[in-house]
Amino acid sequence: MQIFTSLLAAISMSTAAWATDITVALTQENIEVDASFAGAHLTLFGVITGLSEIETKATDIVAVVRGPDADFEIRRMQKKNLIWSAGPAILMEGAPALYLTSSTRPLDEIAPAQDRARFGLGAAFASNSATFIPNNDKAAAILMQTGPAILRSAYIKAAQDRGAFRERSNAVNFKKGALFTITQDLPADTPVGLYTVSVYLYRDGALIAQDEAQLSVNKVGIERRIYELAHNQPIAYGIICVLIALSAGWAAAAAFRR
Amino acid sequence: MQVYLPIAEMPVDPFIIIAMGGAVGFLSGMFGVGGGFLMTPLLIFYGIPPVVAVGTEASQIVAASVSGVTAHLRRKTVDFQMGGYLVAGGGIGAIFGVYLFRYLRAAGQVETVISIAYVVFLTTVGGLMLVESMRALSRPHHIDTPRNRKRRVAWMAALPFAMRFRRSQLYISPILPLLLGAIGGMLAAIMGVGGGFIMVPAMIYVLQMPTNVVIGTSLFQIIFVTALTTILHAVTNQAVDIVLALLLLSGGVIGAQLGARAGVALKAEQLRALLALLVLAVGARFLFDLVTTPPSLFVVSPM
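Procedures and definitions
Residues numbered from 1 in each chain as written. Chains lettered and ligands numbered in written order. Predicted model: local features only at pLDDT ≥ 70, side-chain atom pairs only at ≥ 80, totals over all residues. Helix = DSSP H or I, 4+ residues; strand = E, 2+ residues; numbered from the N terminus. Contact = placed C-beta atoms within 7 Å. Rg over C-alpha atoms; globule rule 2.2 N^0.38 Å. Buried ≥ 20, exposed ≤ 12 C-beta atoms within 10 Å, placed from the backbone. Domains from an automatic or database assignment. Nonpolar A, V, L, I, M, F, W, Y, C, P; charged D, E, K, R; others polar. Core = buried A, V, L, I, M, F, W, Y, C linked by C-beta atoms within 7 Å. Expected span 1.5 Å × (residues − 1). Arc of directions from axis to C-beta. Pairing = 2+ DSSP bridges. Axes fitted to C-alpha atoms, helices over the stretch in contact; angles between N-to-C directions. Left-handed = near helix turned anticlockwise from the far one by under 90°. pLDDT = per-residue confidence, 0-100.

Notes on the overall build of chain A
No. 1: On a plain count of helices and strands, chain A comes out with 7 helices and 11 strands.
No. 2: In terms of overall dimensions, chain A has a C-alpha envelope of 95 × 50 × 30 Å along the principal axes.
No. 3: Taking contacts inside chain A between residues at least 6 apart in sequence as the whole, the part at least 24 apart equals 72%.

Below is the structure:
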């Protein structure tokens, strides 16, 4: 009997004029960080095709904003003669600095664990592709001793504490029929770089479609000019800083001189 | 309202930063100190990365010292000859300090070393000041005991190349101010301070300079050393945030003027006792953070 119903479902799917798909677009593909940047609202527009309205209602959507791929240094704190200090560094390569999910329901209700691990759904799996490289023998010993799982969770906890890793459920607004929007808040300390926005369409715990869009976050204006000058021409930048400080100090003295 | 700092790469509330600059400026005007040893910790406690706090504070001290030295130039209470040797020594110390800073940063130890340096210097200086001011306050009548200026330690007199410093009325070896300048320069580079809180007592008690030229000469030296430190930090560590410096400055200059006026109303010993307590409190905070178990056993920092 069960075989019969699933067969029927398969037939009804194959008779559909087009395959089930999900498509996503961003209202803004470029986010500009200037002196007054205090975070941004990113709006994702999406559409589900190839499903009837009733079928659409039974699906789940997960949207993931992740990026930019960055390298981190993880050091374990150690106590030496009463004082806590950072130990040798273990390099963690290829982990996202920002990781935000929006979904219809909590992620563990949408997708099975091996799927979440495979596609990196949820903060816990955000750094699965990262590799660990110890800086020296002492760091290698610490890596052996703690293992990558503990380092990974330390990295995730640090990111969650700064608000860079967040999961939101109940965050998908369905519009007419198969149209949906997701509003994702980007924090004020969003790092500059390239991001990937991925959407996954799930039904009964199985992935049936996915799509991706690119997002870039750039410094602009005076912000960018200061940053570039400081990094490309540090001597000139240093001298300018001193000249500004000298003239500000002199101006203050002149202004208050009675 | 928020302002995004281009080098620290974080948003801050500009009014809080200006208020911090104003508060430290007020205290530095009131007590006649540079304020770097209060400003840098405050920035670190606020959440500015310690590397940026140290580099940026150097540029702010340039401005504060320029604004302070003009009065001394008018009163001719700057010993340029002595200042020159202090600057030369300070330059060497600052170069050494900035490179040491870079090495420590790469080794991940810079936060710990900054904290230890603050604990050592703040508790020593604060403790000495407190004891001294308490003694002065407990004396029923203020008796100014004249110091014996001619008493000079043997090793100091034995140093070669002794020369005359006319403005300071001294006949000493220039090795002494060079050495003292170098220590001050190193502290400036590592701790984000001007070094006045070490230089001023050292100039009075070690070099035995007349007190009236000490402050002006110290400010004169600090301008050059912190200017060099600013450039070095900008070059080696990309750690000078000019937006942060300008915010601090705008609060600092107004605070310093108001503080100088408020300071006139208080007695010198009371002022010193208050400052000593403040210095000790900041040192205690650093010590507390060093010895208590950190909230997270792992430090994760972006490369």
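On we go from here.
Quick look at the overall build of chain B
No. 1: Helices and strands together make up the secondary structure of chain B, namely 11 helices and 5 strands.
No. 2: Taking 303 residues into account, the globule formula puts the C-alpha radius of gyration at 19 Å, and chain B, at 19 Å, falls close to it.
No. 3: Its C-alpha atoms put chain B at 55 × 45 × 40 Å along the principal axes.
No. 4: When each of the 303 residues of chain B is scored for burial, the buried share is 52%.
No. 5: Across chain B, the fraction of contacts at a sequence separation of at least 24, relative to all contacts at a separation of at least 6, is 80%.

What to know about the environment of Ile-133 of chain A
Residue and element names in this part refer to chain A.
No. 1: Among the structural elements, Ile-133 can be located in strand 6 (residues 131–134).
No. 2: On a C-alpha basis, the gap between Ile-133 and Ala-188 in space is 30 Å, while along the polypeptide they are 55 residues apart.
No. 3: Filtering out sequence-adjacent residues up to four positions away, Ile-133 remains in contact with Leu-91 and Glu-93.

Some thoughts on the domain arrangement of chain A
No. 1: Along its sequence, chain A is carved into domain 1 (2–214) and domain 2 (220–258).
No. 2: In terms of residue class, the side of domain 1 of chain A that touches domain 2 of chain A is built from 2 nonpolar, no polar and 2 charged.

Quick notes on helix 2 (residues 36–46) of chain B
No. 1: Burial runs high along helix 2 of chain B: 8 of the 11 residues are buried.
No. 2: Here helix 2 of chain B has its buried residues at Gly-36, Phe-37, Leu-38, Met-39, Thr-40, Pro-41, Leu-43 and Ile-44 of chain B.

Digging into the interface of chain A and chain B
No. 1: Contact with chain A, which involves 46 residues of that partner, is made by 44 residues of chain B.
No. 2: At the level of elements, strand 4 (59–80), strand 5 (83–103), helix 5 (137–161), helix 6 (221–232) and helix 7 (234–256) of chain A are the ones that each hand at least two residues to the side of chain A that touches chain B.
No. 3: Residues belonging to the side of chain A that touches chain B are distributed by class as follows: 35 nonpolar, 4 polar and 7 charged.

Some details on the nonpolar core
No. 1: Ranked by size, the top nonpolar core spans 163 residues in total, and within it Val-62, Ile-74 and Tyr-155 of chain A together with Ile-223 of chain B carry the most contacts.
No. 2: Sort the elements by how many residues they give to this core and helix 9 (residues 211–236) of chain B lands first, with 15 residues.
No. 3: When sequence neighbours within four positions are dropped, the list of residues in contact with Ile-74 of chain A reads Ile-90, Met-92, Leu-151, Ala-154 and Tyr-155 of chain A together with Phe-298 and Val-300 of chain B.

Some words on unusual backbone geometry
Residue and element names in this part refer to chain B.
No. 1: The phi dihedral of Lys-76 falls on the positive side, at around 55 degrees, and the residue is not glycine.
No. 2: Its location among the elements puts Lys-76 in the loop between helix 3 (50–74) and helix 4 (80–106).
No. 3: Here Lys-76 falls in the exposed class, since 11 other C-beta atoms lie within 10 Å of it.
No. 4: Within the chain, Gln-208 stands out as a residue other than glycine whose phi angle is a positive 60 degrees.
No. 5: Mapped onto the secondary structure, Gln-208 falls in the loop between helix 8 (196–205) and helix 9.
No. 6: Judged by local crowding, Gln-208 falls into the partly exposed class, with 19 C-beta atoms found within 10 Å.

Let's talk about helix 6 of chain A
No. 1: A rise of 1.5 Å per residue sets the reference length of helix 6 of chain A, with its 12 residues, at 16 Å; its end C-alpha atoms lie 16 Å apart and thus fit the reference within 8%.
No. 2: For helix 6 of chain A, the complete set of buried residues consists of Glu-223, Ile-226, Tyr-227 and Ala-230 of chain A. Seen along its axis, helix 6 of chain A keeps its buried residues to an arc of 95 degrees; they face one direction. Away from its buried face, by an angle of more than 90 degrees, helix 6 of chain A presents the exposed residues Arg-225 and Asn-232 of chain A.
No. 3: Where the residues of helix 6 of chain A are buried, they touch strand 2 (30–33), strand 11 (206–219) and helix 7 of chain A together with strand 1 (3–5), helix 9 and helix 10 (242–263) of chain B.

Some points on the sheet that holds strand 3 (residues 40–49) of chain A
Residue and element names in this part refer to chain A.
No. 1: Across the sheet, which stays open at both edges, the 4 strands sit in the order 1-3-9-8 with antiparallel pairing between neighbours. At either margin of the open sheet sits one strand with a lone partner, and together these are strand 1 (21–26) and strand 8 (173–174).
No. 2: Relative to strand 9 (residues 179–186), strand 8 runs antiparallel, the two being bridged by 2 bridges. Bridging from a neighbouring strand, Asn-173 pairs with Thr-181 of strand 9.

Here we look at the pairing of strand 3 of chain A
All names here are of chain A.
No. 1: Looking at chain direction, strand 1 and strand 3 are connected through 6 bridges and run antiparallel. Considered in strand 3, the bridge of Ala-25 is made with Phe-45.
No. 2: In the sheet, strand 3 pairs with strand 9 via 8 bridges, with the strands oriented antiparallel. Bridge assignment links Thr-43 to a residue of strand 9, and that residue is Thr-183.

A look at the packing of helix 3 of chain B against helix 10 of chain B
All names here are of chain B.
No. 1: Look at helix 3 against helix 10: their axes get within 9 Å of each other, and the N-to-C directions meet at 35 degrees. Viewed along their axes, helix 3 and helix 10 form a crossing whose handedness is right-handed. When helix 3 is examined against helix 10, the residues Thr-56, Ser-59, Gln-60, Ala-63, Ala-64 and Ser-67 are found in contact with a partner set consisting of Leu-244, Ala-245, Leu-248, Leu-249, Gly-252, Val-253 and Ala-256.
No. 2: Residues of the contact of helix 3 with helix 10, tallied by class, amount to 8 nonpolar, 5 polar and no charged.

Regarding the confidence of the model for chain B
All names here are of chain B.
No. 1: Averaged over every residue, the pLDDT of chain B is 85; the share at 70 or more is 94%.
No. 2: Across chain B, the secondary-structure element scoring lowest on mean pLDDT is helix 6 (residues 154–157), at 68, and the one scoring highest is helix 4, at 92.
No. 3: Model confidence for the complex is summarised by a pTM of 0.82, with the ipTM given as 0.86.

Side note on the packing of helix 7 of chain A against helix 3 of chain B
No. 1: Viewed as axis vectors pointing N to C, helix 7 of chain A and helix 3 of chain B meet at an angle of 35 degrees, and their least axial separation amounts to 7 Å. For helix 7 of chain A against helix 3 of chain B, the interelement crossing comes out right-handed. Contact residues: Cys-241, Val-242, Ala-245, Leu-246, Ala-248, Gly-249, Trp-250, Ala-252 and Ala-253 of chain A in helix 7 of chain A; Ser-59, Gln-60, Val-62, Ala-63, Ala-64, Ser-65, Val-66, Ser-67 and Thr-70 of chain B in helix 3 of chain B.
No. 2: Residues of the contact of helix 7 of chain A with helix 3 of chain B, tallied by class, amount to 12 nonpolar, 6 polar and no charged.

A short note on the environment of Leu-275 of chain B
Residues and elements named next belong to chain B.
No. 1: Tracing the chain through its elements places Leu-275 in helix 11 (residues 268–291).
No. 2: Here Leu-275 falls in the buried class, since 23 other C-beta atoms lie within 10 Å of it.
No. 3: The sequence separation of Leu-275 and Ile-190 amounts to 85 residues, and the corresponding C-alpha distance is 22 Å.
No. 4: In this view, Leu-275 contacts Phe-31 and Met-129; residues no more than four positions away in its chain are not counted.

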